[in-house]
Amino acid sequence: MTSGTIGFSGTSSFLAKGWKVEKESIVYDEQGIKSRLLDLKNPCFIVKDTKGIGVSNTGSCMGTDNTEPGPQVIAIAPPLGPDQLGDPDFKKNYRTKFSYYTGSMANGIASEEMIITLGKNGILGSFGAGGLTPERIENAIHTIQKELPLGPYAFNLIHSPSEPALERAAVDLYLKYGVHCVEAAAFINLTPSVVYYRVSGLELDSRNKIIIKNKIIAKVSRREVATKFMEPAPEKILNQLLEQKLITSQQAELASKVPIADDVTAEA
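The following paragraphs examine the structure supplied in this document. Note that the coordinates shown come from a computational prediction; the quantities given were computed from them, not determined experimentally.

### A word on the sheet that holds strand S6 (residues 101-102)
Hydrogen bonds along the backbone pair up the strands of a sheet, which may run parallel or antiparallel.
Move 1: Read from one edge to the other, the open sheet built from 6 strands follows the order S6-S7-S8-S9-S12-S13, with strand pairing classed as parallel. With one partner strand each, in any of the chains shown, S6 and strand S13 (263-266) form the two edges of the open sheet.
Move 2: In this sheet, strand S8 (residues 154-158) lies alongside strand S7 (residues 124-127) in parallel orientation, the contact comprising 2 bridges. Bridging from a neighbouring strand, Phe127 pairs with Phe155 of S8.
Move 3: Along the sheet face, helix H6 (residues 164-176) touches S8 and strand S9 (181-185) and points at about 155° away from the line of S8.

### Quick word on a nonpolar patch on the surface
Move 1: Residues Leu80, Leu85 and Tyr100 make up a contiguous nonpolar surface patch of roughly 250 Å² in combined accessible area.
Move 2: Look at Tyr100 and you get partly exposed, because its relative accessible area is 34%.

### Some remarks on the layout of surface pockets
Move 1: Of the volumes computed, that of the largest pocket is approximately 640 Å³.
Move 2: Around the largest pocket, the lining is made up of 20 residues, and of these Asn93, Arg95, His180, Lys213 and Lys215 lie nearest the centre.
Move 3: Residue assignment for the lining of the largest pocket shows that the elements contributing at least two residues are helix H3 (88-94) and strand S11 (210-212).
Move 4: The residue makeup of the lining of the largest pocket, split by class, is 11 nonpolar, 4 polar and 5 charged.

### Some words on the sheet that holds strand S3 (residues 52-56)
Move 1: Taking strand neighbours across the sheet as the criterion, the 3 strands line up as S3-S2-S5 in an open arrangement whose pairing is antiparallel. One side of each edge strand has no neighbouring strand; the edge strands of this open sheet are S3 and strand S5 (72-77). This sheet shows a mean twist of 25° between the axes of neighbouring strands, independent of strand direction.
Move 2: Of the pairings in the sheet, the one linking strand S2 (residues 44-49) to S5 comprises 5 bridges and is antiparallel in character. Bridge pairing in S5 links Lys48 to Gln72.

### Regarding the nonpolar core
Move 1: Ile137, Phe155, Tyr174, Val194, Val195, Ile216 and Phe229 are the most contacted members of the largest nonpolar core, which totals 46 residues.
Move 2: No other element matches helix H7 (residues 192-199), which puts 5 residues into this core.
Move 3: With residues up to four places along the chain from it excluded, the contact list for Ile137 reads Ala129, Leu132, Phe155, Ala170, Leu173 and Tyr174.
Move 4: Core analysis: the next-biggest nonpolar cluster, separate from the first, contains 7 residues, Trp19, Ile26, Val73 and Ile76 among them.

### Examining the pairing of S3
Move 1: By the bridge criterion, 5 bridges tie S2 to S3 in an arrangement that is antiparallel. The partner of Val47 across the bridge, within S3, is Gly54.
Move 2: Connecting the antiparallel pair S2 and S3 is a turn made up of 2 residues.

### Quick notes on the side chain of Ser25
Move 1: Structurally, Ser25 is set in the loop between strand S1 (19-20) and helix H2 (30-37).
Move 2: A polar contact of 2.8 Å, which involves the side chain of Ser25, links it to the side chain of Ser56.
Move 3: When sequence neighbours within four positions are dropped, the list of residues in contact with Ser25 reads Arg36, Val55, Ser56 and Thr58.

Criteria and thresholds
Residues numbered from 1 in each chain as written. Predicted model: local features only at pLDDT ≥ 70, side-chain atom pairs only at ≥ 80, totals over all residues. Heavy atoms only, no water. Pairing = 2+ DSSP bridges. Helix = DSSP H or I, 4+ residues; strand = E, 2+ residues; numbered from the N terminus. Contact = heavy atoms within 4.5 Å. Axes fitted to C-alpha atoms, helices over the stretch in contact; angles between N-to-C directions. Patch = residues over 30% accessible without salt bridge, like charges linked within 9 Å, V, L, I, M, F, W, Y side chains within 5 Å. Areas by Shrake-Rupley, 256 points an atom, 1.4 Å probe, with all protein chains shown as cover. Salt bridge = Lys/Arg side-chain N within 4 Å of Asp/Glu carboxyl O. Buried < 20%, exposed > 50% of the residue type's maximum accessible area, 1.4 Å probe, protein only. 1 Å grid on protein atoms, 1.4 Å probe; cavity = no way out; pocket = protein on both sides within 12 Å on 5 of 7 lines; lining within 4 Å. Points joined across faces, edges and corners; volume = space filled by probe spheres on them. Nonpolar A, V, L, I, M, F, W, Y, C, P; charged D, E, K, R; others polar. Core = buried A, V, L, I, M, F, W, Y, C linked by side-chain atoms within 4.5 Å. Polar contact = N/O pair within 3.5 Å; in protein donor to acceptor, adjacent residues only side chain to side chain.

Any functional reading would require information beyond the geometric quantities listed.
Dropping the structure here:
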């Protein structure tokens, strides 16, 4: 038995034992069967009787082998909603209802409206900040934070090798307004800006446990780039940030114990 509802096994003959489905709840037509299969919040009973194969979303457990005459239950699938799929740690880490997130289509195609709608429905969405001016990004931050003060939401941080000032300006805005999740995209190597964003959010709690305030989802298309995000920050960049007094010595020390990114997503 699972959670006091239905039993589940890979063997349908086992599932048939002890279950009863009322004739009135069974459908046999194509549209009716489709509606039952799409009802993910309830179990699905596949039955066989004189009318053929039918489907029902309701059934009762008799406690012992069901020997009463009537439809024979030949298979059962338990309830399985989209909120049950994926890694539960993802939902915990990003405070979402679902273990999904939507990528940040550049130039604001992944718009404020889209991110707000997703967030209000428990899905993490990343605003498409790539290609936008700092002023436009700042306006988007205000709009999204007003509607989603507790999240979930993310913002894109796109690597700008020819315009590093734009990359740094985006990071400064995210730190200024407390944007605690970014999707880092188009990076070939780690830059001081992306490391600064990550490391400046590191601290210790009262139990000396490392707290990571600024989360990074790395959007990558090459294995070697993924490896860099899955490793701690390079010492050379940490020393640069220390010299510029952008991070503390404690943050630099903590940075050696955590990876740059929390998650990696593959981009084809």
